[in-house]
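The primary structure of each chain is shown beneath.
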Amino acid sequence: MPSDRKMNSTAACMAFMLEGCEMKKVRSNSRMYNRYFLLDPDLRWLRWEPSKKDSEKAKLEIKSIKEVRLGKKTPVLRSNGLSDQFPEECAFSIIYGDNYESLDLVASTADVVSTWVMGLRYLVSYGRHMVGVVEASQPSVRTSWIGSVFELADIERQGQIDLFRATQIIKGLNPGMRESRIELKFKELQKARDCYGEGIDLDTFVEVYCELCTRSEIFFLLVQFSSNKEYLDSKDLMLFVEVEQGVEGVTEELCRDIVRKYEPSVEGRERGYLSIDGFTHYLLSSECHIFDPQHKRVCQDMTQPLSHYYINSSHNASLLEDHYWGSSDISSYVRALRMGCRSLEVVVWDGPDCEPVVYVGSSVASQLAFSKVLDVINQYAFESSEFPLILCLVTHCSVPQQRVMAQHMKKILGDKLHLEPPSPDELYLPSPEKLKGKILLKGKRLPPETQDSEGEVTDEEEGLEMSRRMVGADDKDQLNGISCKRLRLCKELSDLVSLCKSVQFRDFELSKREQKHWEICSFNEVDANRFANEYPEDFVCYNKRFLSRVYPTPMRIDASNMNPQDFWKCGCQIVAMNYQTPGLMMDLNLGWFRQNGNCGYVLRPSIMRDEVSYFSANARDSLPGVSAQLLHIKVISGQNLPKPRGSAAKGDVVEPYIYVEIHGIPADCAEQRTKTVSQNGDNPIFDESFEFQINLPELAVLRFVVLDDDYIGDEFIGQYTIPFECLQPGYRHVPLQSLTGEFLPNTTLFVHVAITNRRGGGKAHKRGLSVRKGRKAREYTSTKTTGIKVVDELFRASTQPLREATDLRENVQNAMVSFKELCGLTPAANMKQCILTVSSWLLNSERCLRVTVDLSEAYPTMEAQGPVPELLRKVLTAYDTMIQTSRTLIESADSVYCKLTQAQRAGLDFHEDLHRIGAKEGLKGRKLQKAMESYAWNITVLKGQADLLKYAKGEAMDTLRQIQCAAHSCGLAKNGNEIKPRLSLYFFNMIVLYSNEL
């Protein structure tokens, strides 16, 4: 297909099909043959040539077509020999005849597939006689609106307007479109019509508008969902919003509101029609943003202990640039606080006139008065978030100036300072909810027994190389090989530190025995990395109870940032970032903390919070008890991609490509890239699909990066980073941000998102997850041996319930996958789509087929009367198997769930004494540690498998609900008398689009 050819109408699709094109015809033996396919001029037949067959046999009658499936939706295209030879979006199948045979085709591009699929579906739905009628009448809604816009601009009523005004009107209707592009299109059309230099008349204006402002990818989407030719009515929109966008509780009134809000034409609003322009506006609106609006406010449980949250943290917040050349500026604190930062570092030194000052490194020339910094913090501390702010004081002051510091803090911060001493009886810190509006000081504190007005404490200065021994240093000046110095601390300043007392880390075992829950350790990036690699399980367990702060190594004199994911995966709550340095690491940090209303606190995954659970920070496989999910991203197109700032290469030409990245635990980290689109930054079409298996969704982050392909060096255009938990399924626009974080105006990506176990976007293949497994090949999650006899006996008794839980879940999954595939749908399709597909077959069959769904019982049965085709017979058998396995799951789940939870509770009874029992049985050292890890693994497995079973039961019950709704909608419900389905043309078209695959 020529790259400059735009498919923006049904007539354009028909014209392309009449010309024809070459495609590969796939036979049942998996061989592919090149054939030239074209539509007959009378629109009755689809033909192909050359062929060994007689020309009268190498054809297919349009009226015999039952269904057009997009993607690899037939056994032939799914066969192992072909599956990897061509992409999903380049395949489609035509189902025809009463025996439901398939003509399987592979095209050169996704655009060609879209054109054929749309054209054939249109002919099947409306017939050849409707094409001319539609083309003459349907665009009138859009044309009349564009005409009214033109008339308003034609003030003199001369029937034409000047080029400048015409250009400004189109630019106003499509913000982001370049004026030069609009002017060029007008001049090209005028030249083609030999009227160059004259005013712009109505026909020229309409043609240019339709050519520039019709996005073909959205037009294809609209036609797939439309039951009214080339616009959406409220019922079509209901279908799109509920099925594709995953919105629950959609009503016709809600859809009418969408039409009223986004449809530009008066006629469309009055009739309740959403034209291509209104549909485009809707898809570009905040309602179709990729970010779930529920996460724009605080949506997580804020009553957990403070140590159970990640906390947005800034390092050297006063700096504008790097540590060597950077100057201090008070606006940096304001910026950090407004961006949701909840932990600020304040480095205080002796200043003139007994007034402490704040500066970092060598930025002595730009000192900030400590009192002024406090004024700003007091003013902006809770502007963006009401949850507690932690001030990390790094004090280099003499005792007299320390007293001045204390006086300033009490006077300026007042009641906001949290001074209540920690309770020795508690095991964990208070919650963010309990500490709302409070400022916590992190710093050194004198021992409680100190009576003097000052005393000496160790000072682990963050500017030192903590991991390097001081040559010849006395032992008393070192702790665990980490250099430190002594500091005189006044009691007045010491008493202001309550819940975040700074202490030096020695080792995990000692911390477990001696560290108090209100004490916090700071880790140099190098040391934290070493602990993460050598003691990943210990580091995670340590962070369940204690706060830990990780700060950049002093070697980062350029103020570059470490990867926060390296430490979040270990449970480290406070990972200090250089806010003044943009780039990938800062994108990850800011994107991550958006997910809870940007309040600065994000609840950690439960597997990293539960007192008894097993999690390794370096996990490279699926986790025990955590349901892995598959993320399917289709990058469809880009809009208004600007030339990289400062770039002079290639003039104004942009040749974009996109990286799609996953950041998370090692098992999840991955990236894939699209092809480069040559010389098109206005509306580049990518049409590429990617799949990522996400083993720990709660810690995964998705990042889109757009680059300009240049032989000198690829340059950055924009990026967007979003937590996995915030993704909305369906067709979404992704707003792009600049290198420094500002949103680029009218610059977006258009993508489709599908996630297994989520409503909507039902088109992702569960690669590795949905493959049907027989009992012999089935992998069962099992417990591990601890070496402690009484404990092992307990866990051994849970082996059978664990196997039962796995069988119940996978039997249903296998049965559902079989049923969906026989219906020509993917494993991620929902049951409503399947029932409607079966209904479409009945409607479009020339035989008198009778199938009913008996809803009188709790488990609806599907019954056929009279002879039915073999394919439909297989579908009915698969349906029966699915219902029976679902019934077994629903009726057995509770008892198996109870067995698993009872085993978990019985196992937890050993938790307190496990160390003693293991030692009594002769376990010590590494063997005892291994026993503790196996015990935690087993508890995690029991809890996780019980949760998965409970979720599976809920899914099975939702499947039954969908069957009932769909049966009523299609007229398949059996109400005493057997009935033949009564399907309207509208419902048939619903089925056709349900088969759509990305």
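Coordinates for the structure precede this section.
Residues numbered from 1 in each chain as written. Predicted model: local features only at pLDDT ≥ 70, side-chain atom pairs only at ≥ 80, totals over all residues. Heavy atoms only, no water.

**Details of the overall build of the protein chain**
We apply this condition: Only DSSP runs of H or I reaching four residues or more are called helices, and only runs of E reaching two or more are called strands; each is numbered from the N terminus. Throughout, a contact is declared for two residues whenever any of their heavy atoms are within 4.5 Å.
Broken down by element type, the protein chain carries 29 helices and 35 strands. Put simply, of all contacts in the protein chain between residues at least 6 apart along the chain, 70% involve residues at least 24 apart.

**Quick word on the environment of His911**
Inclusion rule: A simple rule labels every residue: compare its accessible area, found with a 1.4 Å probe on the protein chains alone, to the largest value its type can have, and call it buried under 20%, exposed over 50%, or partly exposed in between.
With respect to the helices, strands and loops of the structure, His911 is situated in the loop between helix H26 (870-908) and helix H27 (914-920). Overall, the relative accessible area of 27% leaves His911 in the partly exposed class. Sequence separation of His911 and Glu611 is 300 residues, and the distance between their C-alpha atoms is 9.6 Å. Residues contacting His911, with those up to four places away along its chain left out, are Glu611, Val612 and Tyr935.

**Quick word on the sheet that holds strand E7 (residues 101-106)**
In plain terms, the rule: The pairing criterion for strands is at least two bridges between them, as found by DSSP. For helices, the fitted axis covers only the stretch in contact; all axes are lines through C-alpha atoms, and the angles between them, taken along N-to-C directions, range from 0 to 180 degrees.
Overall, antiparallel pairing links the seven strands, which are arranged E4-E3-E2-E1-E7-E6-E5 in an open sheet. In the strand order of this sheet, the two ends are held by strand E4 (59-61) and strand E5 (65-70), each with one partner. Here the average twist between neighbouring strands, direction ignored, is 30°. As judged from the five bridges shared by E5 and strand E6 (residues 91-96), these two strands associate in the antiparallel manner. Note that in E6 the partner of Glu67 across the bridge is Ile95. The sheet strands contacting helix H1 (residues 10-19) are strand E1 (21-26) and strand E2 (32-39), and the helix crosses E2 at an angle near 125°.

**Describing the packing of helix H6 (residues 163-173) against helix H8 (residues 202-213)**
Note the threshold: For any helix crossing, the convention is left-handed if the near helix is rotated counterclockwise from the far helix by under a right angle, and right-handed if that rotation is clockwise. Side-chain classes are defined by residue name, with Ala, Val, Leu, Ile, Met, Phe, Trp, Tyr, Cys and Pro counting as nonpolar, Asp, Glu, Lys and Arg as charged, and the others, Gly among them, as polar.
Across the interface, H6 lies against H8 with an axial gap of 11 Å and an inter-helix angle of 35°. Between H6 and H8 lies a crossing whose hand is right-handed. In this structure, H6 contributes Ala166, Ile169, Ile170 and Leu173 to the contact, and H8 contributes Phe205, Val208, Tyr209 and Cys213. Counted by class, the contact of H6 with H8 contains eight nonpolar, no polar and no charged residues.

**A word on the pattern of salt bridges**
Rules: What counts as a salt bridge is simple: a side-chain nitrogen of Lys or Arg found within 4 Å of a carboxyl oxygen of Asp or Glu.
Here the structure, examined in full by the defined rule, presents 39 salt bridges. Asp277 is paired through a salt bridge with Arg142; the nearest N and O atoms lie 2.7 Å apart. Taken together, the residues span a long stretch of sequence, with Asp277 in helix H13 (residues 276-284) and Arg142 in helix H5 (residues 140-153) at a distance of 135 residues. Across this residue pair, the class does not change: Asp277 and Arg142 are buried. Arg181 is the partner of Asp682 in a salt bridge, and the nearest nitrogen-oxygen pair spans 3.7 Å. Here Asp682 is found in the loop between strand E27 (670-673) and strand E28 (685-694), whereas its partner Arg181 is found in helix H7 (residues 179-192), with 501 residues between them in sequence. Using a relative accessible area of 16% as the deciding quantity, one classes Asp682 as buried. Several salt bridges converge on common partners, so that one network encompasses Glu252, Glu253, Arg256, Asp257 and Arg260.

**Some points on the nonpolar core**
Across soluble globular proteins, nonpolar side chains show a tendency to be buried alongside one another. Our working definition: As used here, the term nonpolar core means buried Ala, Val, Leu, Ile, Met, Phe, Trp, Tyr and Cys residues forming a set that is joined through side-chain atoms within 4.5 Å. Segmentation into domains, and thus their bounds, comes from an automatic or database assignment.
Met409 and Phe539 are the most contacted members of the largest nonpolar core, which totals 75 residues. Formed jointly, this core draws a minimum of three residues from each of two domains, domain 4 (306-469 + 486-608) and domain 5 (629-644 + 654-757). Formed by 62 residues, the second largest nonpolar core is a distinct cluster that contains Val812, Trp841, Phe910 and Tyr935.

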